[in-house]
Amino acid sequence: MVKKINELIDKILTKLKLIKYKELIMYLFSGGGATVVDWGVFALFVLFIPPVDMGEFINSISPNFIAYCISWFMAVLFAYFFSKLFVFEETGESFVKQFTKFFFSRFLTLVFSIVGDAVLCGDLTNLKLQPFVGKLIISIVVIIVNYITSKLLVFKKGKDVEDGQH
């Protein structure tokens, strides 16, 4: 099924003369989908689930800590599988090794998101932005960082894959 979808995507992009941009175009879909998952879960927590008391320190620093953690985790799962199936070529690495690298590279963006939430929405500054405004600013930076880490660290082709050997 995935192979047929990829073949269809190749045909469409070839017809549109965009095939050389396939990786970037597909990453935009992957990042867009992960962003929808991230924002959807985040919104559910912020709008409908009562805040969890994480202690005065955590609550004052990052008022949306739990929402960021859970929405990040769900987005990471979506992004890994979409990227593996539709964005980046096979690297020859085992699932466990590749997923571990992906997870930890994305963990950096979770830390960035929580720090960003603390700066933009928490008590660290006087900005006190609305949670969704802070999330928008943070999301733009996270999408860029995620592409760079995925391309350079996680789905980096090994020499044998580049040479066509598996």
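Every chain is numbered on its own, with residues counted from 1 as its sequence reads. Whole-chain, interface and lining totals are the exception, using all residues; otherwise, since this is a predicted model, local features are given only for residues with pLDDT of at least 70 and side-chain atom pairs are given and counted only at 80 or more. Excluded from the side-chain calculation are hydrogens and water; included are all heavy atoms of the structure.

A.B. asks: Explain the overall build of the protein chain here, please?
C.D. replies: Counting from the N terminus, the helices are DSSP H or I runs at least four residues long and the strands are E runs at least two residues long. Summing up its helical and strand segments, the protein chain has seven helices and zero strands in all. Tracing the protein chain from N to C terminus, the helices and strands come up as α-α-α-α-α-α-α. Note on exposure labels: buried denotes an accessible area under 20% of the residue type's maximum, exposed denotes more than 50%, and partly exposed covers the range between, all computed with a 1.4 Å probe on protein chains only. Buried residues in the protein chain amount to 36% of all 166 residues. Here a residue-residue contact requires only that any non-hydrogen atoms of the pair lie within 4.5 Å. Taking all contacts inside the protein chain whose residues are at least 6 apart in sequence as the whole, residues at least 24 apart take part in 72%. The protein chains shown are the only cover counted for residues, whose accessible areas, like all others here, come from Shrake-Rupley with a 1.4 Å probe. Per element, the accessible surface of the protein chain, about 10,200 Å² overall, is 73% carbon and sulfur.

A.B. asks: What's the story with the packing of aromatic side chains in this structure? I'm lost.
C.D. replies: The geometry of an aromatic ring pair is captured by the separation of the ring centres together with the interplanar angle, meaning the angle of the planes. In this scheme Phe, Tyr and Trp rings, the latter by its six-membered ring, pair at centre separations within 6.5 Å, and the angle between planes marks the pair as stacked below 30 degrees, edge-to-face above 60, and tilted otherwise. Within this structure, the stated rule accounts for 21 aromatic pairs. Between Trp-72 and Phe-103, the aromatic rings sit 5.2 Å apart at their centres with planes inclined by 65°, giving edge-to-face as the arrangement. One end of the pair, Trp-72, is in helix α4 (residues 65-87); the other, Phe-103, is in helix α5 (residues 95-120), with 31 residues separating them in the sequence. By relative accessible area, Trp-72 is classed as buried at 10%. Ring geometry for Phe-102 and Phe-155: centres 5.9 Å apart, planes at 65°, overall edge-to-face. Of the two residues, Phe-102 is situated in helix α5 and Phe-155 in the loop between α6 (131-154) and α7 (159-162); the sequence distance between them amounts to 53 residues. Summarising the burial analysis for this pair, Phe-102 and Phe-155 share the class buried. In this arrangement the basic side chain of Lys-135 is found over the ring face of Phe-42, its NZ or CZ atom lying 4.9 Å from the centre. Think of it as a cone above the ring: NZ of Lys or CZ of Arg counts as a charge over the ring if it is within 6 Å of the ring centre and within 35 degrees of the ring normal.

A.B. asks: I keep staring at the nonpolar core and nothing clicks. Help me out?
C.D. replies: One recurring pattern in soluble globular proteins is that nonpolar side chains are buried together. Membership of the largest hydrophobic core comes to 31 residues, with the highest contact counts inside it found for Met-26, Val-87, Phe-102 and Phe-155. Of all the secondary structure elements, the ones that give two or more residues to this core are α1 (2-15), α2 (22-48), α4, α5 and α6. If one sorts the elements of this core by residue count, α4 sits on top with ten residues. In contact with Phe-155, other than residues within four places in its own chain, are Tyr-80, Ser-83, Lys-84, Phe-88, Thr-91, Gln-98, Phe-102 and Ser-150. Definition used in this section: a nonpolar core is a set of buried Ala, Val, Leu, Ile, Met, Phe, Trp, Tyr and Cys residues joined via side-chain atoms within 4.5 Å.

A.B. asks: How do you make sense of unusual backbone geometry when you look at a structure like this?
C.D. replies: Where the residue is not glycine, phi is negative for most of them; where a peptide bond is considered, it is trans in most cases. The phi angle at Lys-17 is positive, at roughly 60°, despite the residue not being glycine. Note on placement: Lys-17 falls in the loop between α1 and α2. Despite not being glycine, Lys-128 shows a phi value in the positive range, around 45°. Residue position: Lys-128 is located in the loop between α5 and α6.

A.B. asks: Looking at this structure, I do not really get the packing of α2 against α4. What am I missing?
C.D. replies: A pair of packed helices is characterised by two quantities: the angle between their axes and the separation of those axes. Closest axis-to-axis distance for the α2/α4 pair is 8 Å, and the angle between their directions is 155°. One element, α2, and the other, α4, form an angle in the roughly antiparallel class. Crossing of α2 against α4: the hand is right-handed. Between N-to-C directions, angles span 0 to 180 degrees; the directions come from axes that are lines fitted to C-alpha atoms, helices contributing only their stretch in contact. Angles below 35 degrees are treated as roughly parallel, those above 145 as roughly antiparallel, those between 65 and 115 as roughly perpendicular, and all remaining angles as oblique. A clockwise turn of the near helix away from the far one marks a right-handed crossing, whereas an anticlockwise turn of less than a right angle marks a left-handed crossing.

A.B. asks: I would appreciate a short explanation of the pattern of salt bridges in the present structure.
C.D. replies: Side chains that differ in charge, positive against negative, can pair when their charged atoms come close. Salt bridge, as applied in this entry: a Lys or Arg side-chain nitrogen positioned within 4 Å of an Asp or Glu carboxyl oxygen. Tallying each qualifying case throughout the model produces five salt bridges. A salt bridge links Lys-97 to Glu-93, with the nearest nitrogen and oxygen atoms 3.7 Å apart. Look at Glu-93 and you get buried, because its relative accessible area is 19%. Several salt bridges share partner residues, and in doing so they unite Glu-93, Lys-97 and Lys-101 into one network.

A.B. asks: Explanation requested: a nonpolar patch on the surface in the structure shown.
C.D. replies: Patch building starts from residues that exceed 30% relative accessible area and form no salt bridge, then joins like charges within 9 Å and nonpolar side chains (Val, Leu, Ile, Met, Phe, Trp, Tyr) within 5 Å. On the surface, a cluster of nonpolar side chains totalling about 790 Å² of accessible area is made up of Phe-112, Leu-136, Ile-140, Val-141, Ile-144, Val-145, Ile-148, Leu-152 and Leu-153. Sort the elements by how many residues they give to the nonpolar patch and α6 lands first, with eight residues. Residue position: Val-141 is located in helix α6.

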